[in-house]
Structures are given as structure tokens and as C-alpha cells.
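# Examination of the molecular architecture
The lines below spell out each chain.
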Amino acid sequence: MTGRSAGRPRLEPALLAAASAPYRPAGRFAYHFARGKLNGDPAFGAIMASDWIASGDRIIDLGCGQGLLAALLWAAERDCRVDGIELMAADVDRAQVALAVAIAQRRASFVCDDIRHAAFGHADVAVVLDVLHYIDYDDQRRVLERLRDALSPRGLLLLRVGDASAGLPFRISNWVDRTVTFVRGHRLGRLYCRPLIEWRAALAALGFAVRAIPLSQGTPFANVLLEARAR
């Protein structure tokens, strides 16, 4: 099954359980958040149903949270190197506890840093889910430029964004974003969102070949996954 499927790929129960299990030592919140997010977020099912990420790939995950993508890939026996960058220190702490074995084996790193300034290194695939709208437009461009330069030839950027031209579903997305951020104890300032056509144009201007994949199946949101291939 590929990422081109029109339906909503879901994780198999055994895979969901295996990917969530490492979070038990990190506490009840970490474990239950992992299960809920992995099961409810269409991005994870889409990635696992695709051939975007294969064993041996080097992954950079911007806004990695508590490292769920890494845990999922390893549970599915995709032997990748994953380097995660996350601004929230508590999330990084949970990732480091849950995935300590992989870190010790040098299969992963999770650092607390700002993606506007952090070093990206080199990667075959860059994953950026619901992150860029938190930084201003100039910083968005600079981050995307640095990701392009970090990717190997024909490397892949998976970028999930909200389509600001989508009306009510987009407004619902923003409301949920703000609510979740507040509940987790953070203040959320201005969001720097764009219509889908502008996201595509920005990536094309940087030399990416872009394909847009709707990623709101089963949700009230206006999310789109941009499959951007370096040329």
C-alpha cells in the first residue's frame, strides 16, 4: 500500500502497541499520548502505508515531539537513523527516556533546540509535521532552504501544513492548535499560515517537485501533506 491511497490508512493494532510500548517508562502521560496520537493522526498511517521511508534512510524530524515517528519506524522494523529537533524540553525528555536504547545504539538523537538555528546535518528524508506556521515567513523560507541543502540528491521533504484557503476546516484547525497549546501550558502567538497554492509555490521556487496529498480524512481539519522531492 502506498501514500497515494485515497482512504485513511490506519496502524495495525499490533504495530500501534509495539510503537507505544517504549513510552511506559516515560510515564502515564507519555504512554497515553503516544497511543492516542499514533492512532488518531492520519500522518502516521500515511507514512507507514507508503514507500517514502525505507530501512537505511537518514531521517531528520523537525518538531519531533516525544519521538513518535522514530518509535513507529523501529516498531515496523524499518532500520533508520532518526535525528529529532524539538523546542519543548519536556517532550525531548520523554523521547530520551522512552528511546534510550536506540540513542545508546547511535540510531537516534533528540535535542532541544530551535529549528531556526539548529544544525540539520545530512538526511535522505526530512519530516516536518505542523511546525512551520509557528515561525514567520522569512524564517520559513530560511528553514526550507536549509532543509533543501541538507537533503541528499533526490531527497524527500514531507511537510504537513494547514490550507489557509480552506475556510471553516482551517479555522477549526487553528482553534484546536491554540487550545492544545494552552492546555499544555504554553502561550501561542501569531500563526504564519498560507493558502496551499502559496506553500506549493514556495517549495517549487526552492527547486522541489511537489505533490499535495489531502490528509484530513476522518478529521474536521484542513491538513495537507506536501511530498516535495529535491531535484
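Residues numbered from 1 in each chain as written. Predicted model: local features only at pLDDT ≥ 70, side-chain atom pairs only at ≥ 80, totals over all residues. Heavy atoms only, no water.

## A closer look at the overall build of the protein chain
What counts is decided by this rule: Counting from the N terminus, the helices are the DSSP runs of H or I reaching at least four residues and the strands are the DSSP runs of E reaching at least two. Each residue is assigned to one of three classes by its accessible area relative to the maximum for its type, calculated with a 1.4 Å probe on protein chains only: buried under 20%, partly exposed between the two thresholds, exposed over 50%. Contacts: residue pairs with any heavy atoms within 4.5 Å of one another. Surface accessibility follows the Shrake-Rupley procedure with a 1.4 Å probe radius. Residue values consider only the protein chains on display as shielding.
Of the regular secondary structure elements, the protein chain holds nine helices and seven strands. Residues counted as buried form 48% of the 231 residues belonging to the protein chain. Partitioning the contacts of the protein chain with sequence separation of at least 6, the portion at a separation of at least 24 is 70%. Of the roughly 11,000 Å² of accessible surface on the protein chain, a fraction of 55% belongs to carbon and sulfur atoms.

## A few points about unusual backbone geometry
With a phi close to 60°, Glu77 is a non-glycine residue in the positive phi region. Within the secondary structure, Glu77 sits in the loop between helix 4 (68-75) and strand 2 (81-86). For Glu77, a relative accessible area of 68% gives the class exposed. In the Ramachandran plot, Arg106 falls in the positive-phi region, its phi being about 60° despite a non-glycine side chain. Inspection of the secondary structure puts Arg106 in the loop between helix 6 (100-104) and strand 3 (108-112).

## Digging into the confidence of the model for the protein chain
Here is the rule we go by: Across the chain, each position has a pLDDT score giving the predictor's confidence in that residue, from 0 to 100.
Confidence in the prediction for the protein chain averages 90 pLDDT; 87% of positions are at 70 or higher. Throughout residues 1-6 the model reports pLDDT below 50, and contacts reaching past four residues in sequence, or to other chains, amount to 12 contacts.

## A look at the pattern of salt bridges
This is how it is decided: Definition used for salt bridges: Asp or Glu carboxyl oxygen within 4 Å of a side-chain nitrogen of Lys or Arg.
Inspection of every chain in the model, using the stated rule, returns 12 salt bridges. For Arg116, the salt bridge goes to Asp114, with nearest N and O atoms at 2.6 Å. Overall, the relative accessible area of 36% leaves Arg116 in the partly exposed class. A salt bridge links Arg141 to Glu145, with the nearest nitrogen and oxygen atoms 3.3 Å apart.

## Some remarks on the sheet that holds strand 2
Two strands in a sheet stick together by hydrogen bonds in their backbones, pointing the same way (parallel) or opposite ways (antiparallel). Selection criterion: If DSSP finds at least two bridges between two strands, the strands pair. For helices, the fitted axis covers only the stretch in contact; all axes are lines through C-alpha atoms, and the angles between them, taken along N-to-C directions, range from 0 to 180 degrees.
The strand order across the open sheet built from seven strands is 3-2-1-4-5-7-6, with neighbouring strands paired in mixed fashion. One side of each edge strand has no neighbouring strand; the edge strands of this open sheet are strand 3 and strand 6 (208-214). Looking at each pair of strands side by side, their axes are set apart by 15° on average, direction ignored. As defined by bridge partners, strand 6 adjoins strand 7 (residues 223-230) across seven bridges and the pair is classed as antiparallel.

## Considerations on the side chain of Ser50
Convention followed: As used in this structure description, the phrase polar contact means that two N or O atoms lie within 3.5 Å; if the pair is within protein, one of them must be able to donate a hydrogen and the other to accept it, and residues adjacent in sequence are counted only when both atoms belong to side chains.
Among the secondary structure elements, Ser50 is positioned in the loop between helix 3 (42-48) and strand 1 (58-62). A polar atom in the side chain of Ser50 sits 3.1 Å from the backbone nitrogen of Trp52.

## A closer look at the packing of aromatic side chains
Just so we agree on the cut-off: Put simply, two rings from Phe, Tyr or Trp (the six-membered ring, in Trp's case) pair if the centres are within 6.5 Å, and we call them stacked under 30 degrees between planes, edge-to-face over 60, tilted for the rest.
This structure, assessed with the given rule, holds two aromatic pairs. Between the aromatic rings of Phe29 and Phe33, the centroid separation amounts to 5.7 Å while the plane-to-plane angle is 15°, which identifies the pairing as stacked. With Phe29 and Phe33 both in helix 2 (residues 28-40), this residue pair falls four residues apart, about one helical turn. By relative accessible area, which is 45% here, Phe29 ends up partly exposed. Using a relative accessible area of 27% as the deciding quantity, one classes Phe33 as partly exposed. When the centroid spacing of 5.4 Å and the interplanar angle of 90° are considered together, the rings of Tyr137 and Tyr192 count as edge-to-face. Of this pair, Tyr137 sits in helix 7 (residues 137-150) while Tyr192 sits in the loop between helix 8 (168-183) and helix 9 (196-205); the two residues are 55 residues apart in sequence, bridging distant segments of the chain.

## As for helix 9
We apply this condition: What the arc describes is the spread of directions from the helix axis to the C-beta atoms.
Of all the positions in helix 9, only Leu196, Trp199 and Leu203 are classed as buried. The buried residues of helix 9 occupy an angular sector of 60° when projected down its axis, which confines them to one face. When the buried face of helix 9 is taken as reference, the exposed residues oriented beyond 90 degrees from it are Ile197 and Ala205. Along its buried surface, helix 9 packs onto helix 7, strand 5 (151-162), strand 6 and strand 7. Taken from the residues just after helix 9, Gly207 is the one with a positive phi, measuring 95°.

## What about the pairing of strand 7?
Among the eight residues that make up strand 7, seven are buried, leaving the element largely enclosed by the rest of the structure. Taken together, the seven bridges between strand 5 and strand 7 define a ladder with antiparallel strand orientation. Paired with Val161 across the two strands is Val224, which belongs to strand 7.

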